[in-house]
Structures are given as C-alpha cells and as structure tokens.
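What the coordinates show
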Amino acid sequence: MAYEIIPYRREHATVSAKLHAAGQPGTFLTSLGPAFLRALYTQIAESSLCFGYVAVDGDEVVGVVTGAVDAGALFKELVLKRGHKLILPVLGSVLRRPAQLARIVQTLFYPSQVKPEPGETEMLFLSSRADRRGEGIGYALYWAFIEGSRARGYRAVGLSVDVSNTNAVRFHERQGMHLVREFGIYGRTFRWYVLPIGPEQS
C-alpha cells in the first residue's frame with residue numbers, strides 16, 4: 001500500500017491522539033484520557049515550539065511523529081491555553097487513581113530529568129497504525145523528523161524511551177542514536193538518546 005509523508009496539522013490531532021492511546025497503553029499521558037490527548041495534540045499543531053509529520057494513505061492518517069524544541073514550555077502552553085478544558089478530565093483521573101497526582105508532579109519536572117542541550121529538538125511521539133506495521137512507516141516518519149530538525153537549523157535530536165520497551169530501544173539504536181543517560185520517572189527507568197545531525201554528520 002502507498003503512503004506519503006506530509007507536515008502535521010491541526011486536523012490530524014484527533015487521529016494522532018488515538019494513535020498515541022493505541023501505541024502507548026498504560027502510560028501516564030494515555031491514562032489522563034482521550035480529552036487530554038486531543039488537547040495535547042491540538043496544542044502541538046498550533047504551537048510555534050512544535051512540528052511533526054504524518055503518513056497518509058489517501059484521506060487516512062496511518063502514522064505520526066511529533067516533537068518540540070522545548071517540551072517544558074509546550075506543557076506550560078497547554079495549561080495556559082487549554083487548562084480550563086482539562087480540569088474535569090484530569091481531576092476525574094486523579095479521583096479514580098490518587099497516585100496520578102504524584103505522576104502529574106513528576107511530569108512537571110520531566111524537562112529537568114532529560115536535560116536537552118541547546119540546539120536539540122525532542123521527538124515526543126512516533127507510531128504507525130497497528131495494521132500498517134512492517135511497511136516502513138515508522139522509519140520514514142523518523143527520518144522526516146530528523147531532516148525537518150536539520151532544516152530548521154538544529155544540531156541534534158533527542159528522545160526518551162522506557163527501557164522495558166525493547167522494540168523501541170532496538171529501533172532507535174539501529175538509527176544510530178547514542179545513549180546519553182538513564183533516569184527514573186513514574187517508577188520506571190528511561191533512557192535519553194541523542195542523534196547528532198549537524199552539517200558534519202550529513
């Protein structure tokens with residue numbers, strides 16, 4: 001089946017949120033519910049701090065990659081611009097699972113954990129639809145984001161991976177990403193990987 005890679009836009013937010021929920025079940029952001037994910041992906045589309053790409057087959061989105069130049073600032077934007085719409089969904093999540101409150105606090109300190117360097121973009125999410133796996137969609141989206149970062153003048157791309165997600169660890173290491181550090185969040189161990197993309201790496 002054919003697909004093409006195009007820039008991520010606002011009209012892709014809802015399906016991207018669904019891809020996120022399907023691709024990362026049981027993770028913290030997914031546990032905050034579909035309304036939160038839709039708001040997050042809408043903010044990613046509208047923020048000057050973010051960019052991304054989608055793989056489309058006709059009118060269908062079959063994969064997405066998104067990233068930010070400052071994830072901490074992105075979440076601040078999300079709270080300032082859409083927080084009033086998220087109070088009830090997030091409060092409901094906390095009431096159902098009180099431990100969520102601690103995870104929310106940890107999320108606020110996430111940028112200080114990963115410590116991206118100046119000139120780095122962060123790949124936030126990469127996934128393809130389950131029924132389209134094996135077609136190279138994730139690979140194509142990954143390199144679209146890398147080239148998009150390079151075209152914007154950034155010198156490196158970083159991302160965090162749960163060490164228990166062995167498929168993702170292998171994928172990113174195969175692309176040449178270097179392990180910089182490990183850190184703990186949400187009771188799990190994550191790795192921060194970086195891929196230099198400056199002119200000397202072209």
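The preceding data block contains the structure.
Let me begin by describing the structure that accompanies this report. (Residues numbered from 1 in each chain as written. Predicted model: local features only at pLDDT ≥ 70, side-chain atom pairs only at ≥ 80, totals over all residues. Heavy atoms only, no water.)

1. Focus: the pairing of strand S3 (residues 60-68)
Extensive coverage of S3 is indicated by the burial of eight of its nine residues. Sheet analysis places strand S2 (residues 50-57) next to S3, joined by eight bridges and oriented antiparallel. The residue bridging Tyr 53 from the neighbouring strand is Val 65, located in S3. Where S2 folds back on S3, the antiparallel hairpin that results is connected by two residues, among which Gly 58 adopts a positive phi of roughly 65°. (Buried < 20%, exposed > 50% of the residue type's maximum accessible area, 1.4 Å probe, protein only. Helix = DSSP H or I, 4+ residues; strand = E, 2+ residues; numbered from the N terminus. Pairing = 2+ DSSP bridges.)

2. A closer look at helix H7 (residues 137-151)
An ideal rise of 1.5 Å per residue puts 21 Å on 15 residues; H7 measures up with 21 Å between its terminal C-alpha atoms. Among the residues of H7, those classed as buried are Ile 137, Gly 138, Leu 141, Tyr 142, Ala 144, Phe 145, Ile 146, Gly 148 and Ser 149. A positive phi of about 90° marks Gly 153, the residue just after H7. (Expected span 1.5 Å × (residues − 1).)

3. Comments concerning the packing of aromatic side chains
Scanning all chains against the criterion turns up seven aromatic pairs. Relative to Phe 125, the ring of Tyr 41 has its centre 6.2 Å away and its plane inclined at 80°; by these criteria the two rings are edge-to-face. Placement of Tyr 41 in helix H3 (residues 34-46) and of Phe 125 in strand S4 (residues 120-128) is noted, with a sequence separation of 84 residues between them. Geometrically, the ring pair formed by Tyr 142 and Trp 143 is edge-to-face, given 5.1 Å between the ring centres and 75° between the ring planes. Given the relative accessible area of 25%, Trp 143 is considered partly exposed. For Arg 152, the ring lying beneath its charged end belongs to Phe 51, and the centroid distance is 3.9 Å. (Phe/Tyr/Trp six-rings, centres within 6.5 Å; stacked < 30°, edge-to-face > 60°. Lys NZ or Arg CZ within 6 Å of the ring centre and 35° of its normal.)

4. Overview of the nonpolar core
By size, the foremost hydrophobic cluster in this structure holds 25 residues, and its most contacted members are Tyr 8, Leu 29, Phe 36, Leu 40, Tyr 41, Ile 44 and Val 54. Breaking this core down by element, the ones donating at least two residues are helix H1 (13-23), helix H2 (28-31), H3, S2, S3 and helix H4 (71-96). Looking at this core, the element that brings in the most residues is H3, giving six residues. Ignoring anything within four residues of it in the chain, the contact list for Leu 40 reads Leu 29, Leu 74, Phe 75 and Leu 78. With 22 residues, the next largest nonpolar core counts Leu 141, Tyr 142, Val 161 and Ile 197 among its residues. (Core = buried A, V, L, I, M, F, W, Y, C linked by side-chain atoms within 4.5 Å. Contact = heavy atoms within 4.5 Å.)

5. Description of the sheet that holds strand S1 (residues 4-7)
Pairing is mixed in the open sheet, where seven strands are placed in the order S1-S2-S3-S4-S5-S7-S6. Edge positions in the sheet fall to S1 and strand S6 (178-185), since each of these pairs with one other strand and no more. Strand after strand, the sheet turns through a mean of 25° between neighbouring axes, direction not considered. Pairing of S6 with strand S7 (residues 188-196), which is carried by seven bridges, proceeds in the antiparallel orientation. Across the sheet, Phe 183 pairs through a bridge with Phe 190, a residue of S7. Strands S1, S2, S3, S4, strand S5 (156-162) and S7 of the sheet are contacted by H7, whose axis makes an angle of about 160° with S4. (Axes fitted to C-alpha atoms, helices over the stretch in contact; angles between N-to-C directions.)

6. Digging into the pattern of salt bridges
Think of it this way: side chains of opposite charge can pair up when their charged atoms draw near. Under the definition given, this model contains ten salt bridges. Two residues, Glu 173 and Arg 191, come together in a salt bridge whose shortest N-O distance is 3.6 Å. Within this pair, whereas Glu 173 is found in helix H8 (residues 166-174), its partner Arg 191 is found in strand S7, the two being separated by 18 residues in sequence. Of the residues examined, Glu 173 reaches a relative accessible area of 37% and is grouped as partly exposed. Salt-bridge contacts for Glu 182 lead to Arg 191; the nearest nitrogen and oxygen are separated by 3.0 Å. Counted as one network, the salt bridges with shared partners bring together Asp 57, Arg 132 and Glu 135. (Salt bridge = Lys/Arg side-chain N within 4 Å of Asp/Glu carboxyl O.)

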